[in-house]
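Listed here are the chains, written in short residue letters.
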Amino acid sequence: MPEKIILTLLGLFLVVGALTVVIARRPATNAIGFLAVLLAVAGLFALLNQSFLFLAQILVSVGAVVVLTLIVILTVNLKEEQFPKERFKGVWIVGASVLTAPFGWLLYKTLVSVANAFPKTQKGFGSAEAVGKSLFTDWVLPFEILSLLLLAAMVGAIIIGKKEQAYDIES
Amino acid sequence: MSTLSIVVTLATIVLAALLALLMIPVLVWLERRVCGLIQDRLGPNRTNLFGFRLGGVVQSFADVIKLVVKEEYYPSHIGKGRWLFVLAPMITFASALLAFMVIPFADDLVLYGERMKIQALPVEYGILWYLAIGSVGVIGMVFGGWMSHNKYSLLGALRSASQMVSYELALGLGVISMILTYGTIDFNAMVHWQSGTVLGFLPAWGALVQPLAAIVVIVALFVETNRAPFSVAEGESEIVAGFMTEYTAMKFAMYFMGEYVAMNTASAVIVTMFFGGYQLPWLSTETLTAHFSAVAWTIVVALPLFVWFFIRWMKKNNTVRPTVSTDWGRHFETKVLSVVLIAMTVVIDLILIYISTLPEGSAATTVAVTLLQIAVFVMKLMAFNIFFIVVRWTLPRFRYDQVQTLGWRYLLPLSLLNIFVTAIVVVGVLS
């Protein structure tokens, strides 16, 4: 029973946070909503006894992504009058809800049908040790390829960031 | 869960909360007194309660009263978002406090066949928890600086964020080399690893096994706490007070206390990872339990000597200048404190003598060993807190570009090199 209460609370947090990110007008409130969403997801991982995912979620998403997002919002520093004018806002909301409703129903049906079809986890599943072992034995090739992908992304970011300087050298 | 384990768990949580929160006034006082010592003056020593000054600790409580009754001021643009403005320092404070909760204060207590962790949060991924929760604190600073709508605050927030992000790399890599050495991410297992010796006679402390990683991690932890010489985020000579410029009264105090709790946590992590945690050098928990009566008799002899010297020091120093005729109750304070100290010594000695007559390995011995380890841990913690304070008042504040150069050009390559060397030694030589 306590799990269900915690799950409900975390779900509530998640939904309210996500809605805040979309609806709130002040960037500060948006950012807090984003933080709440990420923390709630971390809490869901903790509830499932996935200690490594829980810590990675806090370490990467909360510690790095939120901080970087904040810095971006902070540097751009949008004023409310700079927001684009949203005419037909109500029409858009109603139309989008009607369009996505069937997919929601599909999602609900799928989740209900597979809810009890998952295999039971063993003891220690999801701890840092178990994740590390499976990552470096069964999944070592995808893992290393992923690191190449990250390297490519980093090089790309540096090149985009240095664009103006590169032009200077050429001219 | 038996009653015993519930009692031990509750006691541990209370101990952790006390160690983190009650340390704040002591650290504030120590900061000012050590600063005074370094600058050849006295620092706060006059405030008293009924004549008891306790060297001036009472000053911190006076400060608390001042901060609580101070005018609450909000910048005019805050308006409805007031709760967000107040939330920012709370995030910083809470993350520093939570990160402290995974530090083991003593070895696992084994009583009547039950194994209980002396750790407020009994988790097995201590160092990851510290890295994860510790990195949340910067969000509070960035939020606060941003919502103040003040150029100085904004600059301070940006500085603290960029500084944290750059040093988190060096910190993480330094910690990785320590994880390679210890083969674990559990703080308690790390301390166990450090109970042996290296080269036959030195205690196997992390700082002696991995000096380079120790330097890198300690410097990075200084940055994590945002203290001088890495306090560009609140450089008062350039940007007033950085991210906390617009914060007043208890909101400011929240940031202030958060800094001290973070410093305390960083000291605890340094002690646990590099200086043997709760262990006395050369004496592992098993040795202590097996030869407890010898240890107890050493303490029985050493404690009165130490107290005697302390009382003599207090009698000599707890006076006003000789030219002043009134002593404002200082002799009275010295007398009362001497009596209290002597009574405490007698009680502790009697208890220790009683325990040393009991057979080895009894429940009382185990509990006594745990208490001794907690005392050792607190002593090491205080030593490192004082180290933090001395460094702050010795080194001038680094310029912003110096901070970044140190992080990216020196610490990051050094920690990478250290990982390679460690990996080669651990995988190639030892296995």
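Reading guide: rules and limits
Residues numbered from 1 in each chain as written. Chains lettered and ligands numbered in written order. Predicted model: local features only at pLDDT ≥ 70, side-chain atom pairs only at ≥ 80, totals over all residues. Helix = DSSP H or I, 4+ residues; strand = E, 2+ residues; numbered from the N terminus. Rg over C-alpha atoms; globule rule 2.2 N^0.38 Å. Buried ≥ 20, exposed ≤ 12 C-beta atoms within 10 Å, placed from the backbone. Contact = placed C-beta atoms within 7 Å. Expected span 1.5 Å × (residues − 1). Axes fitted to C-alpha atoms, helices over the stretch in contact; angles between N-to-C directions. Parallel < 35°, antiparallel > 145°, perpendicular 65-115°, else oblique. Nonpolar A, V, L, I, M, F, W, Y, C, P; charged D, E, K, R; others polar. Pairing = 2+ DSSP bridges. pLDDT = per-residue confidence, 0-100. Left-handed = near helix turned anticlockwise from the far one by under 90°.

1. Things to note about the overall build of chain A
Counting secondary structure elements, chain A contains 7 helices and 0 strands. Since a compact globule built from 171 residues should have a radius of gyration of about 16 Å, the 21 Å found for chain A marks it as more spread out than a globular shape. In chain A, buried positions account for 14% of the 171 residues. Sequence-distant contacts in chain A: of pairs separated by 6 or more residues, those separated by 24 or more amount to 52%.

2. A few points about the overall build of chain B
What chain B contains, in helices and strands, is 17 helices and 4 strands. For a compact globule of 431 residues, the expected C-alpha radius of gyration is about 22 Å, and chain B comes in at 24 Å, within 12% of that figure. Seen through its principal axes, chain B has C-alpha atoms that stretch 75 × 70 × 45 Å. Counting all 431 residues of chain B, 41% fall into the buried class.

3. Quick notes on helix α2 (residues 23-38) of chain B
Residue and element names in this part refer to chain B. Between its first and last C-alpha atoms α2 spans 22 Å; for 16 residues at 1.5 Å apiece the expected length is 22 Å, and the two agree. When α2 is considered as a whole, its buried residues turn out to be M23, I24, L27, W29, L30, E31 and R33. In the core, the buried residues of α2 are packed alongside α1 (3-21), α3 (58-69), α12 (249-274) and α16 (363-394).

4. Considerations on the packing of α2 of chain B against α12 of chain B
Residue and element names in this part refer to chain B. The geometry of α2 relative to α12 is characterised by a closest axis approach of 10 Å and an angle of 95° between their N-to-C directions. Compared by their axis directions, α2 and α12 come out roughly perpendicular. Residue-level contacts link M23, I24, L27 and V28 of α2 to M257, Y260, V261, M263 and N264 of α12. Its residues assigned to classes, the contact of α2 with α12 comprises 8 nonpolar, 1 polar and no charged.

5. A look at helix α17 (residues 400-430) of chain B
All names here are of chain B. Counted at 1.5 Å a residue, the expected span for α17 with its 31 residues is 45 Å, and the 42 Å between its end C-alpha atoms agrees. Looking at α17, one finds that the buried residues are V403, G407, L411, S415, N418 and T422. In this structure, the buried residues of α17 make contact with α7 (151-182) and α10 (211-224).

6. Notes on the pairing of strand β1 (residues 106-111) of chain B
Remark: a regular strand shows side chains that alternate across the two faces of the sheet. Where β1 of chain B meets strand β2 (residues 114-118) of chain B, 4 bridges bridge the pair, whose relative direction is antiparallel. Note that in β2 of chain B the partner of V110 of chain B across the bridge is R115 of chain B.

7. Describing the interface of chain A and chain B
Every contact between the two is made by 17 residues of chain A and, on the other side, 20 residues of chain B. Of all the secondary structure elements, the ones that give two or more residues to the side of chain A that touches chain B are α2 (27-47) and α3 (51-76) of chain A. A total of 11 residues in the side of chain A that touches chain B trace back to one element, the largest contributor, which is α3 of chain A. By residue class, the composition of the side of chain A that touches chain B is 13 nonpolar, 3 polar and 1 charged.

8. A few points about the confidence of the model for chain A
Mean pLDDT for chain A: 82, with 94% of residues reaching 70 or above. Per-element confidence in chain A is highest for helix α6 (residues 140-161) of chain A, whose mean pLDDT is 89, and lowest for helix α7 (residues 163-170) of chain A, whose mean pLDDT is 56.

9. Some remarks on the environment of L155 of chain B
Residue and element names in this part refer to chain B. Here L155 shows up in helix α7. For L155, a count of 21 C-beta atoms within 10 Å corresponds to the buried category. Distance from L155 to V339, taken between C-alpha atoms, is 54 Å for residues 184 residues apart in sequence.

10. Points about unusual backbone geometry
Even without being a glycine, N49 of chain A presents a positive backbone phi close to 70°. Its location among the elements puts N49 of chain A in the loop between α2 and α3.

11. Thoughts on the environment of R46 of chain B
Here R46 of chain B shows up in the loop between α2 and α3. When the C-alpha atoms of R46 of chain B and A241 of chain B are compared, they prove to be 28 Å apart, with 195 residues separating the residues in sequence.

12. Let's talk about the environment of V72 of chain A
Residues and elements named next belong to chain A. With respect to the helices and strands, V72 occurs in helix α3. Looking at V72, the number of C-beta atoms within 10 Å reads 9, which means it is exposed. For the pair formed by V72 and A153, sequence separation is 81 residues and the distance between their alpha carbons is 18 Å.

13. Some words on the packing of α10 of chain B against α12 of chain B
All names here are of chain B. Where α10 meets α12, the axes come as close as 9 Å, and the angle between the chain directions of the two elements is 170°. When the axes of α10 and α12 are compared, the pair comes out roughly antiparallel. Note that α10 runs across α12; the crossing there is right-handed. Of α12, the residues touching α10 (which contributes A214, V217, I218, L221 and E224) are A262, A266, V269, I270, M273 and F274. Among the residues forming the contact of α10 with α12, the class breakdown is 10 nonpolar, no polar and 1 charged.

14. With respect to the confidence of the model for chain B
Per-residue confidence for chain B gives a mean pLDDT of 84, with 97% of residues at or over 70. Interface confidence for the predicted complex, expressed as ipTM, amounts to 0.75; the pTM equals 0.84.

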